[in-house]
Every structure is written in structure tokens, then in C-alpha cells.
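Here is how the chains run, residue by residue.
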Amino acid sequence: MKGVVAAARLLAKARQSAVRVVGSYDIRHDPEETFAIVPMRVVGEEIIQAVGYGRLGAPPQVVVEHHALSRRTAFLIPFANALDEYLTRAVDLDFPRIYIANAPALELLTVMAARYENAGRNLNPNPALRPSHEVVRLGYLCRLIKDIYHMPGQQIVVVMTEAIRRHFVTGQIPPKDGHLGALTEWLAAVAGATGTQARADLRALHFPAAAMLSREDDEAVESILHKIKKSKSALTRQRLQADIEHLQAESVLAEWSMLQEAHAAFWGRDLDASVHPDITKQNTSWLKYRLEVVVARSRRAIAMSQRYEMHEYHAGLHKSALIAQDSMRFEHERVDGNAFRARISAVRKTPRGVQPKDHQIDLTVDHQPNIRLRLGHRVQIVGGELVGEVRMVKRTPVGYDATLSVLAGIDSAAIGGPHRWADQVPGKPFTQKYYDKIKSVLGMS
Amino acid sequence: MQAFAKGDDRVLVDSPPGAGKTYLVEQTCARAVDDQRWRVGVGTNTRNQRDDFALRFKRRFPHIPLQVALASKETPSPALTAESVPAINNFNYLHNGAGVVVSTVHRHFYGVDYIPRGASGLYDLMVADEAYQIQYRNGGLPLDALGRRRLMVGDPGQISPFTELDAEIFESARDHILWSLPLEVMQNGSAVHRLAINSSRRLPPDTVRIIQPALYPNLRFSAASTDAERRIAFVAGGGQADVVDRALDTIASGASIVAIQLPDVGFELGVDDEICDLAVEVAERIRLRRAYWPHERMQIDINTDLFYMDSHVNSVTKAQEKFGSRSITLRADTPNVIQGQETLISIIKHPLSSMQEADPFHLDPGRLCVMLSRHKLACVVLVRGDISQVLGNYEHDAGQRLLGREDLAWRGYSAHQQIWNSLLLSGRVFV
């Protein structure tokens, strides 16, 4: 994949337009209603000073706090309520979809999650600084967003820069891809366009890529805050405060429009639609339960193991679904040695009544420079039922000969091909029953 | 067994490479069954390890009841069938009474459902073989839930378990389910009786002198053999007198690890054809010069007594092709696959070969350790570029690791530096 990306980058640079490296989206198209969050932090501090939120495609609601270092949080209440309402509504419809502009914005939500959720547990002795229950709930919701984002194959939280980078490669140096505006320039440009690089650089110059105000706006806010401190007139302070809020709102609106533009450019490209709704359903029901019941963060081995099992299962399911629907992704896996093409050259079924059953098939595998086919490795026909474990593998002048012990799908085994093969789709994780049993054995229930 | 008799219920045995871990586990199982009439569960990390253990145990202790618990639809491997090792697909068919049940730790998990009502476990003793390769999530829970007593045996220097998934949320939790089993057991405050084996049967003394201080600073061990016992001799002289011959002559003079260095090309090579060719050349030269092991009066066969190791699969595939084209059928693979195996001579591509900048993957101390600890007689390290320079230019990012997590990259960097310096200072790097 590394080589493919390098070649695509050269091509993109020559064309002055982003080049797709996959054939299909890895996330489903938007549900009817989406929700976007554009947070802005104070430069140099992990403190939020403004948030834009609402439906993409419409003007956002903007809430701001002119003096964010005061640790006042009441300005977040409308945002907290709107997010809660959206999630509660969306889990009952199809599935929720939350757009976030870039990784630093997600990071900021993660910080908010820890800060406000903890603030609800460890009350500040100063009642004026205690967050309202809505803000504590916002911390909880942000934690759910962060948790979902880490789930493999999840379809709910989309960090726009990351989503674009999973599908397209630009002609600029990779660190510049962290800037949503610059990325969008490359994505929106048609092949053969001129000056894409220059336009992208210009956008990166004016807007930071880190969910914060531009340097000029930040310095202006600082200077106005200084004036507020010195001012003795309430009216002047009010006017200056409005000036800061205007600057903050303007920055949010600029980032919001960048996100909208990126969203349109991303979904406007000619990739195939993603299928595979299973994980979405599971993510949605996971979220629905946690919206109804506040679930504490898992920290202990049993809960974490259960969660890891689920992640592992979803990762395998998601990967195999993508390989099955997208031949470009299959080729990437093939280059990395995780997939191959092979014909079935012989099928040997164990006669009825003979035990133990050991159905075997022989494969003639096409040559490829890199292959992970070893004894004990379990492989499956992409999108098919036939699963086998490698019993023998031998290099030949034109590729490999391999013998598989068939673990499943022997009825579908027939001489012919070529078929596409990849790692076995993982089995379902342990059920709750096993973990409950372990808890009871260990005296933890 | 004495520790268990005294009432300890968790024992950890740290072992250097080639110290006889599996032998220790076999003996413990046999004693537990013969003397105590215990039912023993043995958990391995992989199915191959499970089958290897079962076959060895069956041959050594044919009188002890043994069962291999396979996955529900798995058929026994031909080797298990050939040696009539009883295999079960369902824990319903577990034999009653004393005996040994071998399975992967993951499969043992299903045994939880078969713990009799009111019993405190399924086994009197639960053993985790190669425990440092097992993640806590796979081994910790079955060990605690299934065994009334637990024995963990492993090599702390091997490649740590890894995950391809986003590990941040798991690493930042209170319990570290992705850590290796013994590390997490000790970290979470469980009482563990810790023992250590202090000698390696496999490694030559010269190798121990090089790798022990660098890779096992907390596990002092020596070699069970003498230098003379592990000396290689060559019947034919080195007619070509090139770097390969000089390296082999140095081996014959008693150095068990030598390095051959190719010039830097100024960029990182994913697949280094020249290194692959050199590996073939070294193997050919060992054959040509008719290497033998005087102490055992044994001729060395390059097809069966040599390993080739490289950190990358694509590079290994290329090497396999090159060996194949010269009708050499030695085992070539990545250290992740080869760990646990041993050979007489290993040829390895240095993990930092052709690297312009060192990174945590290539600095991993486990990978280096596996590569430098498979041989009984000698190891030839092939490298492109100046490792001293790569290590000298390395800028360590101390903030990269998560708080509380061991800084593996730094440990690897220190080990790399120590080992490479030791080779340089003793004149074993041939350019």
C-alpha cells in the first residue's frame, strides 16, 4: 500500500487533483439528518471558547464565551441540549452521523469529555464554577462520540480530514493533508487543473488546521480582553465583549463553511457506495443503550476484553466486506501479501460416515511478490463460504501450490476459478454468557 | 511444585532463550499428574504451539492421559492423527480425573462453561506456555477462572504481543488487557512466586556474553555449554578470501556472532536484492567449505540446519525465491513466525539494515532478541549501511509512549547500540 500511495501522490501532483486509491466509500451515505460540530479552542490551551453545531447544509448555531479562561461553561448548554436531542432522535430513525472537521477538533471533544464528566463527579467547592447537569451530560456524550470513533468500521463519527485521506491522495506533502481546506482544494479540483497547490497553500495560510482561531484573530481577542480588563465603563465592556464574540463566531462560520465544502467534495466523487449495514446497526444500538442509561467507563479486564473482542470482530467484518465489494481494495491487500488469486485444482471429500472428516482442496496460486500463506493460516474465498486452513504450501515456477483442509463450505468447493482469497472472516466474539460465567467463577458478579 | 505445595497459587518462571521452557512445562505436568493426580490444562498462544507441545508430551509420557482441545469445527492435524493423539472438539468430552488437556488459551476460554457447579475451576493446575507471547486478555481470564493453581513460563525478551487495532483506549484503562500475561499479572498486584532459569542450553557462551547484558539486563544467565563445545570448523579453506570467508573464519575462531556490512545507498530499501544475494552466498559458502560441528561430529546441512530471518514478509519472500533458485530449502521467515524455534546457524538481515532513520518498529528489542537467539552455533548478521550512524542520528521521542507503559523503543535503542558496539569493538563487522 505504501508504494501505491507514493505512486498516487506523484500522479496527483502531475494532475493537480486528488487521486482516489480505493474504489468505494468505506462509510455509508449520510442518513436523512446529520449533525456537525465545529469546536474552537483557545490557542495554547485545551479550553473551548466557541462551538458551531447543527445540520450540515444549513447555517450553524454558534455559542461563544468571550472569556474562555474564566472556566464558565453555561454557554455550552444549548449545544449540549441540541446534541442530546439529535442523538436521541437519530438512534430511533436510522443511524446518527456526526461530522467533525479534523483530528484536533475530535481531540478537543475528548478533552471536554474527560473534563466535564469528571466535573460532575468531583464537584468544585466554588458553586459558580460547577458545571450544570447539561454540561456534565455533554461530557458524557463527548465520551460516547470518542468511544464510537475508536470502534473499527464505525459509521457514526466522521472526521472529515481522516475520511478523505482514507480514500484519496493529494499531490502535496503528507503533513499538509491535515488541513481540511487544503485537502478540499485538491479534492474539488478536476484532473489537469492548474494552481491547485498554490490555492491549497493559500488556504492553509489563512486558517489553522487545529480547531482554533487564526493567529491574527487570536491576537485581536487577546488585545480586546486586555482592554476589557482596563475599561471602567460597563457599556464599553459590553461593546468589546461583542467584538470578541463576533471574531469567535466568524471563525466558527469560516470553519463550518470549509467543512460543508469538504463534505460536498468528498461525497461528490465517483466512488461506489458502501454496503454492509451490520456494524452500523450494532453501533447504533450500543449508543442507544448508553443514551438511556449512563454507563461508566470500562476500566477492568473483563469489560475491556469484551470490548476488544467486539472491536476485533468488527475490524475483520469491515475489512472483508470492503475487500468483497471493492476490487481496488482487494489489490491493495494483494500487494501487501494478505490476499491472493487461486484456482481450485482438486477437491477431495472425506467419504460419508468416515471420521474424522478432513475434506481437502488443492489450490494453484498465482505468483505475487509478497504473500503470507503459511501452515495453519486460515483463508476464505472473498464473499464466499469456502474456508480452509493451509496444510501444505510449495513454491512453483509460476506461483505456489497449496493444500487446504476445508473448515466450512465444502459443498461450494468445485474445481475452477480463479477465485479471490483473503484472510478468514472472523467468527463471532464470545457472548455475554461467557463473560457472566467468568465473573461468577471469579466471584465478581 | 514446591511453591504450589507451600500454598502459592501463581508461579512465574522467567527463562532465557533455549533454556528448556517446554521441557519444564512437560515435567511439571507429568509430576502433577503422576504424583498429585491433578488434572492439568496447558494453554499455548497458537495452534502450532499446541500441536507441537501435544506431540512432544505424548512421545515423552505416553502413559499420561492426554487430550488436545481443538476448535469446534477443526480437524486434527495429520501429525496429531499419525501419532494417535486424542483430540476433542467439545469440552463435554473432557476425560475425568488426572490427565493433561492442551489447547490454545483462547480455546480454553470455552471451558468456563464446563466448570462443575460449586467447583473453583476446571483444572487443578493451569499452565501458560510461552506466557510472554500471550496477551492478558487471552490468558489472564482463563488462567484465573479455570485453574486452581497457575503456572506461567516464558521468555521476557521475546517479541511482545501486538495488536493491529487502535490500542489507545485499552492501554489507558486500569487493566492492561493487551500487555503480556506475566507483566499485567505482576502489575495488577496479584501475588506471584517468581522463579528464573539461569542458564541457556541452546546459546553458545559467546552469544550469551553479547546479548545477556543488552537484552536481558534483569535476567542474569549463562550458557550451559562451553566455547569449545559450540565451535564450528570448516573442512575446506576460504579460497576467495573475501568478506564472507573472513566472516566465516572469524566464526571458526570462536566468535558466534559476526556481521557483514554492505555500503549505504542513501535510501531505505523495502526489498534489498543484494542482501538476499549475500544471504544465499553465505549459505552456499558454508556448504562449499563443508562446515561441521566437531563436538557432535556432525556435518552441517544448510537445508536443515540454517534459518534465514528478516523483519519484513516481502523481503522474506524475495529471499525464499533466491534460495529456491539455488535449490536451497532452508527455512526463511520473519522472527515473529520463527520465535520459539532453534537451529544451528542463523543468517539474519539486521532490522536497521538500509534504514535512514530508526523507528520504534525496527528498534523493537524483542525482534532483535529473537533474531540473535535462535542459533546453537553461529549467527551471521547482514546489514546495509552504517548502523552506528543510524543509531547516532536517532532522536528519541520520549512522549510517544503512553504514560505508565514501558518505553520499548528506548530499550530497543539501548540494546541495539550495546550489541552493535560490542561487535564493532571486537572486530566482527566485515565491510
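Parameters and conventions
- Residues numbered from 1 in each chain as written.
- Chains lettered and ligands numbered in written order.
- Predicted model: local features only at pLDDT ≥ 70, side-chain atom pairs only at ≥ 80, totals over all residues.
- Heavy atoms only, no water.
- Helix = DSSP H or I, 4+ residues; strand = E, 2+ residues; numbered from the N terminus.
- Rg over C-alpha atoms; globule rule 2.2 N^0.38 Å.
- Contact = heavy atoms within 4.5 Å.
- Areas by Shrake-Rupley, 256 points an atom, 1.4 Å probe, with all protein chains shown as cover.
- Lys, Arg positive; Asp, Glu negative; His and termini not counted.
- Charge placed at Lys NZ, Arg CZ, Asp CG, Glu CD.
- Salt bridge = Lys/Arg side-chain N within 4 Å of Asp/Glu carboxyl O.
- Polar contact = N/O pair within 3.5 Å; in protein donor to acceptor, adjacent residues only side chain to side chain.
- Nonpolar A, V, L, I, M, F, W, Y, C, P; charged D, E, K, R; others polar.
- Pairing = 2+ DSSP bridges.
- Axes fitted to C-alpha atoms, helices over the stretch in contact; angles between N-to-C directions.
- Parallel < 35°, antiparallel > 145°, perpendicular 65-115°, else oblique.
- pLDDT = per-residue confidence, 0-100.
- Buried < 20%, exposed > 50% of the residue type's maximum accessible area, 1.4 Å probe, protein only.

**With respect to the overall build of chain B**
Part 1 of the argument: Assigned secondary structure in chain B consists of 17 helices and 19 strands.
Part 2 of the argument: Since a compact globule built from 431 residues should have a radius of gyration of about 22 Å, the 23 Å found for chain B is in line with a globular shape.
Part 3 of the argument: Considering only residue pairs separated by 6 or more positions, chain B has 76% of its internal contacts joining residues 24 or more positions apart.
Part 4 of the argument: Split by element, the accessible area of chain B, about 17200 Å² in all, is 47% carbon and sulfur.
Part 5 of the argument: Positive and negative side-chain charges in chain B, numbering 46 and 51 respectively, have mean positions lying 7 Å apart.

**Some words on the interface of chain B and chain A**
Part 1 of the argument: Taken together, the contact between chain B and chain A spans 38 residues of the former and 43 residues of the latter.
Part 2 of the argument: Linking chain B with chain A are seven salt bridges, by the criterion used here.
Part 3 of the argument: For the salt bridge of Arg137(B) with Glu309(A), the shortest nitrogen-to-oxygen distance reads 3.9 Å.
Part 4 of the argument: Connecting chain B to chain A are 11 residue pairs in polar contact (both at pLDDT 80 or more).
Part 5 of the argument: Looking at the side of chain B that touches chain A, the elements that each hand over two or more residues are helix 3 (47–60), helix 6 (136–146), helix 7 (168–171) and helix 12 (313–325) of chain B.
Part 6 of the argument: Split into classes, the residues belonging to the side of chain B that touches chain A amount to 17 nonpolar, 10 polar and 11 charged.

**Observations concerning the sheet that holds strand 12 (residues 257–262) of chain B**
Residues and elements named next belong to chain B.
Part 1 of the argument: Across the sheet, which stays open at both edges, the six strands sit in the order 16-15-17-18-12-19 with parallel pairing between neighbours. Two strands bound the open sheet, and with one partner strand each, they are strand 16 (331–333) and strand 19 (429–430).
Part 2 of the argument: Running at roughly 160 degrees to strand 16, helix 12 makes contact with strand 15 (306–309), strand 16 and strand 17 (343–349) of the sheet.

**Let's talk about the packing of helix 11 (residues 301–325) of chain A against helix 12 (residues 327–335) of chain A**
When two helices pack together, their arrangement is given by the angle between their axes and by how far apart the axes lie.
All names here are of chain A.
Part 1 of the argument: In contact at an axis separation of 5 Å, helix 11 and helix 12 are set at 115 degrees when each is read in the N-to-C sense. Accordingly, the angle class assigned to the pair helix 11 and helix 12 is roughly perpendicular. The segment helix 11 lies against helix 12, with Lys319, Leu322, Ile323 and Gln325 engaging Ser327, Arg329, Phe330 and Glu333.
Part 2 of the argument: In terms of residue class, the contact of helix 11 with helix 12 is built from three nonpolar, two polar and three charged.

**A look at the confidence of the model for chain B**
Part 1 of the argument: In this model, chain B carries an average pLDDT of 92, and 100% of its residues clear a pLDDT of 70 or more.
Part 2 of the argument: Per the prediction output, this complex has pTM 0.87; the corresponding ipTM is 0.85.

**Structural notes on the environment of Gln320(B)**
Part 1 of the argument: For Gln320(B), the position within the fold is in helix 12.
Part 2 of the argument: Overall, Gln320(B) belongs to the partly exposed group, its relative accessible area being 29%.
Part 3 of the argument: Sequence-wise, Gln320(B) and Val112(B) are 208 residues apart; in three dimensions their C-alpha atoms are separated by 43 Å.
Part 4 of the argument: Discounting chain neighbours no more than four positions away, the residues touching Gln320(B) are Arg395(A) and Ala332(B).

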